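A structural walkthrough
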Amino acid sequence: TQTECGRRRSFPDNIKAARTDGFFVRLYRPGDEMHWARIETSVGEFDAEEQALAYFSREFAPYPELLMQRMCFVCTPEGLPVATCTAWEKHGGNLVHWVATVPACQRRGLARLAVTHALQLFPAGDILLHTQTWSHAAVRLYHALGFCLVRDEEKLKDVLKYYFPGEHEYFT
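For the structure given in this document, a descriptive report is provided here.

What counts and what doesn't
- Residues numbered from 1 in each chain as written.
- Predicted model: local features only at pLDDT ≥ 70, side-chain atom pairs only at ≥ 80, totals over all residues.
- Heavy atoms only, no water.
- Helix = DSSP H or I, 4+ residues; strand = E, 2+ residues; numbered from the N terminus.
- Buried < 20%, exposed > 50% of the residue type's maximum accessible area, 1.4 Å probe, protein only.
- Contact = heavy atoms within 4.5 Å.
- Core = buried A, V, L, I, M, F, W, Y, C linked by side-chain atoms within 4.5 Å.
- Pairing = 2+ DSSP bridges.
- Phe/Tyr/Trp six-rings, centres within 6.5 Å; stacked < 30°, edge-to-face > 60°.

A word on the overall build of the protein chain
Within the protein chain, the regular secondary structure consists of six helices and seven strands. Each helix (α) and strand (β) of the protein chain, taken in turn from the N terminus, gives the series β-β-α-α-α-β-β-β-α-β-α-β-α. Taking all 172 residues of the protein chain together, the buried fraction comes to 44%. Considering only residue pairs separated by 6 or more positions, the protein chain has 70% of its internal contacts joining residues 24 or more positions apart.

Quick look at the structure:
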(Lines give C-alpha, C1' and ligand atoms only; values in the text may rest on other atoms or scores of the structure.)
Protein backbone atom coordinates (compact mmCIF):
# COMPACT_ATOMS: atom_id res chain seq x y z
CA THR A 1 0.00 0.00 0.00
CA GLN A 2 1.37 3.36 -0.97
CA THR A 3 0.96 6.40 1.20
CA GLU A 4 0.73 10.02 0.32
CA CYS A 5 1.46 12.89 2.59
CA GLY A 6 -0.65 15.97 2.97
CA ARG A 7 0.43 19.31 4.25
CA ARG A 8 -1.85 22.04 5.49
CA ARG A 9 -0.94 25.58 6.44
CA SER A 10 -4.25 27.27 7.10
CA PHE A 11 -7.71 26.31 8.21
CA PRO A 12 -10.12 27.12 5.36
CA ASP A 13 -12.88 29.53 6.37
CA ASN A 14 -15.58 27.39 4.76
CA ILE A 15 -15.00 24.26 6.88
CA LYS A 16 -18.26 22.90 8.20
CA ALA A 17 -18.53 20.10 10.68
CA ALA A 18 -20.63 17.15 9.62
CA ARG A 19 -24.21 16.74 10.77
CA THR A 20 -23.91 14.72 13.93
CA ASP A 21 -27.35 13.15 14.45
CA GLY A 22 -26.57 12.80 18.14
CA PHE A 23 -22.97 11.65 17.69
CA PHE A 24 -20.48 13.64 19.74
CA VAL A 25 -16.74 14.08 20.08
CA ARG A 26 -14.80 13.51 23.26
CA LEU A 27 -11.16 13.14 24.16
CA TYR A 28 -9.33 10.04 25.35
CA ARG A 29 -10.01 8.68 28.83
CA PRO A 30 -8.07 5.88 30.54
CA GLY A 31 -9.33 2.57 29.17
CA ASP A 32 -10.12 3.97 25.69
CA GLU A 33 -7.18 2.04 24.25
CA MET A 34 -9.61 -0.88 23.94
CA HIS A 35 -11.92 1.25 21.78
CA TRP A 36 -8.99 2.55 19.72
CA ALA A 37 -7.78 -1.01 19.09
CA ARG A 38 -11.29 -2.17 18.14
CA ILE A 39 -11.83 0.72 15.73
CA GLU A 40 -8.41 0.50 14.06
CA THR A 41 -8.66 -3.29 13.73
CA SER A 42 -12.15 -3.00 12.22
CA VAL A 43 -10.73 -1.03 9.28
CA GLY A 44 -7.84 -3.41 8.68
CA GLU A 45 -4.99 -1.42 10.18
CA PHE A 46 -4.16 -4.43 12.36
CA ASP A 47 -4.92 -8.13 11.99
CA ALA A 48 -5.96 -8.47 15.63
CA GLU A 49 -6.89 -6.18 18.49
CA GLU A 50 -3.93 -7.55 20.46
CA GLN A 51 -1.56 -6.14 17.82
CA ALA A 52 -3.32 -2.79 17.97
CA LEU A 53 -3.06 -2.75 21.76
CA ALA A 54 0.66 -3.57 21.58
CA TYR A 55 1.18 -0.68 19.17
CA PHE A 56 -0.87 1.62 21.41
CA SER A 57 1.16 0.59 24.46
CA ARG A 58 4.41 1.31 22.67
CA GLU A 59 3.51 4.55 20.85
CA PHE A 60 0.80 6.29 22.87
CA ALA A 61 0.61 4.91 26.42
CA PRO A 62 3.90 6.54 27.50
CA TYR A 63 2.22 9.95 27.02
CA PRO A 64 -0.99 9.87 29.11
CA GLU A 65 -1.34 13.64 29.43
CA LEU A 66 -1.02 14.14 25.68
CA LEU A 67 -3.50 11.36 25.01
CA MET A 68 -6.13 13.15 27.08
CA GLN A 69 -5.52 16.33 25.08
CA ARG A 70 -4.95 14.95 21.57
CA MET A 71 -6.78 11.67 20.90
CA CYS A 72 -10.38 12.19 19.77
CA PHE A 73 -13.26 9.75 19.66
CA VAL A 74 -16.60 10.20 17.95
CA CYS A 75 -19.24 8.41 19.99
CA THR A 76 -22.76 7.20 19.29
CA PRO A 77 -25.56 8.95 21.17
CA GLU A 78 -25.26 6.07 23.67
CA GLY A 79 -21.55 6.85 24.22
CA LEU A 80 -19.86 4.03 22.27
CA PRO A 81 -16.73 5.24 20.40
CA VAL A 82 -17.03 4.44 16.68
CA ALA A 83 -14.44 6.76 15.12
CA THR A 84 -11.07 8.12 16.14
CA CYS A 85 -8.43 10.64 15.10
CA THR A 86 -5.20 11.62 16.79
CA ALA A 87 -3.68 15.10 16.71
CA TRP A 88 -0.13 14.19 17.65
CA GLU A 89 3.19 16.00 17.82
CA LYS A 90 6.36 14.28 16.73
CA HIS A 91 9.80 15.89 16.64
CA GLY A 92 8.15 19.29 16.90
CA GLY A 93 5.83 18.66 13.93
CA ASN A 94 2.05 18.45 13.97
CA LEU A 95 0.65 15.16 12.70
CA VAL A 96 -2.94 14.00 12.11
CA HIS A 97 -3.03 10.23 12.08
CA TRP A 98 -4.88 7.04 12.90
CA VAL A 99 -8.14 8.38 11.45
CA ALA A 100 -10.70 5.56 11.33
CA THR A 101 -14.43 4.90 11.50
CA VAL A 102 -15.91 1.45 12.09
CA PRO A 103 -17.37 0.17 8.80
CA ALA A 104 -20.98 0.13 10.06
CA CYS A 105 -20.77 3.88 10.72
CA GLN A 106 -18.87 5.03 7.63
CA ARG A 107 -20.29 7.55 5.17
CA ARG A 108 -22.02 9.53 7.92
CA GLY A 109 -19.44 12.32 8.19
CA LEU A 110 -17.93 10.96 11.40
CA ALA A 111 -14.34 11.01 10.13
CA ARG A 112 -14.88 14.63 9.08
CA LEU A 113 -16.20 15.40 12.56
CA ALA A 114 -13.18 13.72 14.19
CA VAL A 115 -10.58 15.35 11.93
CA THR A 116 -12.20 18.79 12.18
CA HIS A 117 -12.12 18.51 15.96
CA ALA A 118 -8.52 17.27 15.95
CA LEU A 119 -7.34 20.11 13.72
CA GLN A 120 -8.56 22.62 16.27
CA LEU A 121 -6.23 21.09 18.86
CA PHE A 122 -3.10 22.22 17.02
CA PRO A 123 -1.32 25.51 17.43
CA ALA A 124 -0.64 27.45 14.24
CA GLY A 125 1.69 25.91 11.70
CA ASP A 126 1.93 23.12 9.18
CA ILE A 127 0.04 19.91 9.83
CA LEU A 128 1.01 16.63 8.20
CA LEU A 129 -0.94 13.46 7.54
CA HIS A 130 -0.45 10.19 5.73
CA THR A 131 -3.12 8.32 3.82
CA GLN A 132 -3.41 5.33 1.52
CA THR A 133 -3.59 6.27 -2.15
CA TRP A 134 -6.51 3.87 -2.66
CA SER A 135 -8.63 5.60 -0.01
CA HIS A 136 -10.46 8.04 -2.28
CA ALA A 137 -12.91 9.07 0.44
CA ALA A 138 -10.03 10.00 2.75
CA VAL A 139 -8.20 11.90 -0.01
CA ARG A 140 -11.38 13.88 -0.80
CA LEU A 141 -11.95 14.62 2.88
CA TYR A 142 -8.40 15.83 3.47
CA HIS A 143 -8.49 17.99 0.34
CA ALA A 144 -11.76 19.56 1.50
CA LEU A 145 -10.11 20.33 4.84
CA GLY A 146 -7.28 22.26 3.18
CA PHE A 147 -4.58 19.62 2.76
CA CYS A 148 -2.56 19.36 -0.41
CA LEU A 149 -1.10 16.08 -1.58
CA VAL A 150 2.60 15.52 -1.95
CA ARG A 151 2.81 12.94 -4.73
CA ASP A 152 6.41 13.22 -5.85
CA GLU A 153 8.44 10.60 -3.98
CA GLU A 154 11.51 12.82 -3.60
CA LYS A 155 9.40 15.75 -2.35
CA LEU A 156 7.66 13.39 0.03
CA LYS A 157 10.99 12.22 1.41
CA ASP A 158 12.10 15.85 1.85
CA VAL A 159 8.90 16.73 3.72
CA LEU A 160 9.18 13.68 5.97
CA LYS A 161 12.87 14.32 6.68
CA TYR A 162 12.05 17.90 7.67
CA TYR A 163 9.22 16.97 10.02
CA PHE A 164 10.62 13.69 11.33
CA PRO A 165 14.38 14.02 11.54
CA GLY A 166 16.15 10.92 12.69
CA GLU A 167 13.49 8.46 11.52
CA HIS A 168 15.59 7.29 8.61
CA GLU A 169 13.75 3.99 8.05
CA TYR A 170 11.10 6.02 6.24
CA PHE A 171 13.59 7.42 3.76
CA THR A 172 15.43 4.39 2.45
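That covers the picture; the talk isn't over yet.
A closer look at helix α1 (residues 33–42)
Residues Trp36, Ala37, Ile39, Glu40 and Thr41 constitute the buried set of α1. Residues of α1 that are buried sit in contact with α2 (49–59), β3 (71–75), β4 (81–90) and β5 (93–101). Of the residues trailing α1, Gly44 is marked for its positive phi of about 85°.

Let's talk about the nonpolar core
Counting 40 residues, the largest nonpolar core has Trp36, Phe60 and Met71 as the members making the most contacts within it. Counting only elements with at least two residues in this core, the list comes to α1, α2, β3, β4, β5, α4 (110–119), β6 (127–132) and α5 (136–144). In contact with Trp36, not counting residues within four places along its chain, are Phe46, Ala52, Tyr55, Phe56, Phe60, Met71, Phe73, Thr84, Thr86 and Trp98.

Brief notes about the pairing of β3
Counting buried residues along β3, five of its five residues qualify, which places the element largely inside the surrounding structure. Burial of β3 is two-sided: the residues Met71, Phe73 and Cys75 facing one way and the residues Cys72 and Val74 facing the other way are all buried. Examined bridge by bridge, strand β2 (residues 24–27) and β3 share four bridges and lie antiparallel to one another. Within β3, the residue paired with Val25 across the bridge is Val74. In this antiparallel pair of consecutive strands, β3 and β4, the connection spans five residues, and Gly79 shows a positive phi of 100°.

Looking at unusual backbone geometry
Even without glycine at this site, Trp98 takes up a positive phi of about 55°. Here Trp98 falls in the buried class, since its relative accessible area comes to 17%.

Regarding the packing of aromatic side chains
Scanning the model with the defined rule gives 13 aromatic pairs in all. Relative to Phe60, the ring of Trp36 lies with its centre 5.7 Å away and its plane at 75°, an arrangement referred to as edge-to-face. Residue Trp36 is located in helix α1, and its partner Phe60 is located in the loop between α2 and α3 (64–70); the two are separated by 24 residues in the primary sequence. Between the aromatic rings of Tyr55 and Trp98, the centroid separation amounts to 5.0 Å while the plane-to-plane angle is 55°, which identifies the pairing as tilted. With Tyr55 in helix α2 and Trp98 in strand β5, the pair connects residues that are 43 residues apart, well separated along the chain. Taken together, the ring pairs in this structure connect Tyr28, Trp36, Phe46, Tyr55, Phe56, Phe60, Tyr63, Trp88 and Trp98 into an aromatic cluster.

Everything listed here is a matter of geometry and, on its own, says nothing about what the molecule does.
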